[in-house]
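# Architecture at a glance
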Amino acid sequence: SFIGEESVAAGEGSILTDNPTWIIDPIDGTTNFVHRFPFVAVSIGFVVNKKIEFGIVYSCVEDKMYTARKGKGAFCNGQKLQVSGQEDITKSLLVTELGSNRDPETIKIVLSNMERLLSIPIHG
């Protein structure tokens, strides 16, 4: 099966089944792309039995290829990635994205979540 982000965004229905399925977003960061903000990527995932098997993200502007495979780790241009060892949230950097849905109820939920996150004494 095949699920394309752009067709789903255009209103076409999509159901994830147990079938082997490619999930592709050919312009991940469409809003960035439209505004010539240079952070866009091509994102591809492969799912079997509704579980991700591997993913690939190609950051076009940076010329970086991120890959990950279930049970095998994640890599950037072939070099192994790992999370930091930081356990103290007050010394952590929080990164979030607000999304593009402007439905009033969704906005309330997003802002409520952001308020809770911003109340944590994070580093930045």
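Before reading on, note that the structure itself is shown above.
Residues numbered from 1 in each chain as written. Predicted model: local features only at pLDDT ≥ 70, side-chain atom pairs only at ≥ 80, totals over all residues. Heavy atoms only, no water.

### Some remarks on the side chain of Ser59
Residue position: Ser59 is located in strand S4 (residues 51-59). One polar contact links Ser59 to Glu62, side chain to side chain, over a distance of 2.7 Å. Those residues in contact with Ser59 that lie beyond four places of it in its chain are Val40, Ala41, Lys64 and Tyr66. (Helix = DSSP H or I, 4+ residues; strand = E, 2+ residues; numbered from the N terminus. Polar contact = N/O pair within 3.5 Å; in protein donor to acceptor, adjacent residues only side chain to side chain. Contact = heavy atoms within 4.5 Å.)

### Let's talk about a nonpolar patch on the surface
Side chains of Ile27, Phe33 and Val34 sit close together on the surface and give an oily, nonpolar patch of about 280 Å² of accessible area. Following the sequence through the fold, Phe33 ends up in helix H2 (residues 30-34). On the accessibility criterion, Phe33 (48% relative accessible area) is partly exposed. (Patch = residues over 30% accessible without salt bridge, like charges linked within 9 Å, V, L, I, M, F, W, Y side chains within 5 Å. Areas by Shrake-Rupley, 256 points an atom, 1.4 Å probe, with all protein chains shown as cover. Salt bridge = Lys/Arg side-chain N within 4 Å of Asp/Glu carboxyl O. Buried < 20%, exposed > 50% of the residue type's maximum accessible area, 1.4 Å probe, protein only.)

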